Amino acid sequence: MAEHDYTARVVWTGNRGEGTAHYKGYDRTWNVETPGKPVIHCSNDPLLGGNPGLHNPEDMLISALSACHMLWFLHLASDAGIAVQSYVDDPLAVGETDNTGASRFLRATLRPRIAVPQGTDLARADALHAQVHAFCFIARSVNFPVIYAARYRVLT
């Protein structure tokens, strides 16, 4: 086993002048300012008054899960001799909030649309999705089920 360090800088940008002196007196905005990378401007979930035009933690979690799955799928497809030509995912995560305001994800469905050349063994390609969970850092770290519902387009 080898440990890996990952870092980020999260900078709260929502101080309107009085900090958190009043619950409604500050914005739930921040930047992800990882050195050497573009700044990502973020906000709270719109359900909690956040800016719907900015990424929120829930967006970033489902995006990270989808991206990790995609990268491992592409790796496994390459190893299996499957020449993926395009991959687009529209993942869907379902969450719940209880009466105390505590929230959690219940499940996520990855819904990639994958283009492959004519003659590709689609059953073999589809079987790779189940193997991804054994490798994907993010999928191995979440405590909710991840479902795979891939659709394929065969290029002629």
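Scroll up for the structure.
These remarks concern the structure in this document. (Residues numbered from 1 in each chain as written. Predicted model: local features only at pLDDT ≥ 70, side-chain atom pairs only at ≥ 80, totals over all residues. Heavy atoms only, no water.)

## Quick notes on the nonpolar core
Note on soluble globular proteins: their nonpolar side chains tend to be buried together.
Stage number 1. In terms of nonpolar packing, the biggest core is built from 23 residues, with L65, F73, I82, I114, L128, F144 and V146 touching the most fellow members.
Stage number 2. Secondary-structure elements contributing two or more residues to this core are α1 (57-79), β6 (103-110), β7 (112-117) and α2 (122-132).
Stage number 3. For this core, the element with the highest residue contribution is α1, accounting for six residues.
Stage number 4. Beyond its immediate sequence surroundings of up to four residues, F144 is in contact with L61, L65, F105, L106, R107 and A108. (Core = buried A, V, L, I, M, F, W, Y, C linked by side-chain atoms within 4.5 Å. Buried < 20%, exposed > 50% of the residue type's maximum accessible area, 1.4 Å probe, protein only. Helix = DSSP H or I, 4+ residues; strand = E, 2+ residues; numbered from the N terminus. Contact = heavy atoms within 4.5 Å.)

## Examining the sheet that holds strand β1 (residues 10-12)
Stage number 1. Taking strand neighbours across the sheet as the criterion, the three strands line up as β1-β2-β3 in an open arrangement whose pairing is antiparallel. Both outer strands of the open sheet, β1 and β3 (40-43), are each paired with one neighbouring strand and no more. Direction aside, neighbouring strands of the sheet carry axes that sit 30° apart on average.
Stage number 2. Inspection of the sheet shows strand β2 (residues 29-32) paired to β3 by four bridges, in the antiparallel sense. Bridge assignment links T29 to a residue of β3, and that residue is S43. (Pairing = 2+ DSSP bridges. Axes fitted to C-alpha atoms, helices over the stretch in contact; angles between N-to-C directions.)

## Considering the state of the cysteines
Stage number 1. Applying the stated criterion across every chain, the model contains one disulfide.
Stage number 2. Sulfur-sulfur distance for the disulfide between C68 and C136 comes to 2.3 Å. Placement of the pair is C68 in helix α1 and C136 in the loop between α2 and β8 (146-148), with a sequence separation of 68 residues. As far as the burial class goes, C68 and C136 line up, both buried.
Stage number 3. A disulfide-free cysteine, C42 has its sulfur positioned 19 Å from the sulfur of C68, the nearest such atom.
Stage number 4. Note on C42: relative accessible area 1%, which makes it buried. (Disulfide = S-S within 2.5 Å.)

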